[in-house]
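Reading the structure
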Amino acid sequence: WLDLTRRIYPTPLYVPPIRQQLTKYFEQQGDGGSTHCAFYAVRDASGALVARTTAHSNPALDEKFGLPLQLFGFTEFIDDPAAFTALIQGLHREASCAGRRALFGPCNLLPNAYGGVLTSGFDQRGVLDSVYNHAYYGHYYRQAGFRERFPSSTYICDSVQTGPDATAVFCFDDARIA
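Remember, predicted model here, so these are calculated numbers, not experimental data.

Quick look at the nonpolar core
In terms of nonpolar packing, the biggest core is built from 26 residues, with Phe-77, Leu-103, Tyr-137 and Tyr-141 touching the most fellow members. Among the elements of the structure, helix H1 (4-8), strand S1 (38-43), strand S2 (49-56), strand S3 (69-77), helix H4 (81-97) and helix H5 (136-143) are those that each provide at least two residues to this core. In terms of residue count, the dominant contributor to this core is H4 (six residues). In this structure, Leu-22, Tyr-25, Cys-37 and Leu-109 belong to the second largest nonpolar core, which totals five residues.

Given below as structure tokens:
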């Protein structure tokens with residue numbers, strides 16, 4: 001499950017999730033830990049792993065949206081309609097069994113962890129806890145009926161401009177510190 005990304009991203013542009021964190025989530029299943037997350041894999045006819053995801057829920061997000069959501073994350077798949085279809089069908093089954101009415105993702109387990117689908121900038125390296133995926137991901141999600149929920153942009157400034165003297169802005173004398 002963990003090694004799928006190494007196979008489908010033979011590029012230094014992809015920065016994988018921290019393996020130790022994924023292993024921790026996996027090991028917490030069934031031990032009463034605070035994080036409940038189901039791990040799923042899709043294999044092709046030869047037994048090769050072709051897609052993966054996790055399924056989880058969050059009562060606070062359900063309340064915010066006013067309906068029970070099936071969240072999913074750490075989702076990766078090869079460029080194959082059958083692999084993606086099997087993945088989404090599995091998530092729909094999971095949602096149905098849990099009484100959830102909509103799929104929401106990809107989003108990961110922690111609010112500060114990456115999620116979403118990259119729709120441009122495929123030639124730029126990802127950073128830790130940020131999304132990076134192949135260009136075909138957006139097409140598959142749109143074809144399956146997903147739509148953008150929280151569009152966002154990330155910017156980079158290639159030059160650092162000087163500003164006011166930091167000691168003038170952040171003036172901390174001994175009296176203020178005490």
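Back to the write-up after that little detour.
What to know about the pattern of salt bridges
Evaluation of the coordinates by the stated rule reveals two salt bridges. In this structure, Arg-6 and Asp-3 form a salt bridge, with 3.5 Å as the shortest nitrogen-oxygen distance. In this structure Asp-3 comes out as partly exposed when scored by relative accessible area, which is 41%. Arg-100 is the salt-bridge partner of Asp-62, the closest N and O atoms lying 2.9 Å from each other. Of this pair, Asp-62 sits in helix H3 (residues 59-65) while Arg-100 sits in the loop between H4 and strand S4 (102-104), and the two are 38 residues apart along the sequence. Like Arg-100, Asp-62 is buried.

Points about H4
Along its 17 residues, H4 runs 24 Å from first to last C-alpha, staying within 8% of the 24 Å computed at 1.5 Å per residue. Those residues of H4 lying buried are Ala-83, Phe-84, Leu-87, Ile-88, Gly-90, Leu-91 and Ala-95. Buried residues along H4 cover an arc of 155° about the axis, so they all sit on one side. For H4, exposure combined with an orientation more than 90 degrees from the buried face picks out Ala-82, Arg-93, Ser-96 and Cys-97. Where the residues of H4 are buried, they touch S1, S2, S3, S4 and H5. Where H4 starts, the residue carrying a side-chain oxygen 3.2 Å from the main-chain nitrogen of Ala-82 turns out to be Asp-80. Phi for Gly-99, located one or two positions after H4, is positive at around 70°.

About the thresholds
- Position numbers for residues start from 1 in each chain and track the written sequence from start to end.
- For this predicted model, a pLDDT threshold of at least 70 governs which residues receive local features, and a threshold of 80 or more governs which side-chain atom pairs are given and counted, while totals over whole chains, interfaces and linings are taken from all residues.
- To get the side-chain values, take all heavy atoms of the structure and skip hydrogens and water.
- By nonpolar core is meant a set of buried Ala, Val, Leu, Ile, Met, Phe, Trp, Tyr and Cys residues that side-chain atoms within 4.5 Å join together.
- Exposure is judged per residue with a 1.4 Å probe applied to protein chains only, and the accessible area is read against the type maximum: over 50% gives exposed, under 20% gives buried, and values in between give partly exposed.
- Helix numbers and strand numbers start at the N terminus; a helix is a DSSP run of H or I with at least 4 residues, a strand a run of E with at least 2.
- The working definition used for a salt bridge is a side-chain nitrogen of Lys or Arg within 4 Å of a carboxyl oxygen of Asp or Glu.
- Take the number of residues in a helix, subtract one, and multiply by 1.5 Å to get its expected span.
- This arc corresponds to the set of directions leading from the helix axis out to the C-beta atoms.
- In this analysis, two residues are considered to be in contact whenever any of their non-hydrogen atoms come within 4.5 Å of each other.
- Polar contacts, as used here, are pairs of N or O atoms within 3.5 Å; protein pairs need one atom able to donate a hydrogen and one able to accept it. Residues neighboring in sequence count only if both atoms are side-chain atoms.

That's the geometry; what it means functionally is another story.
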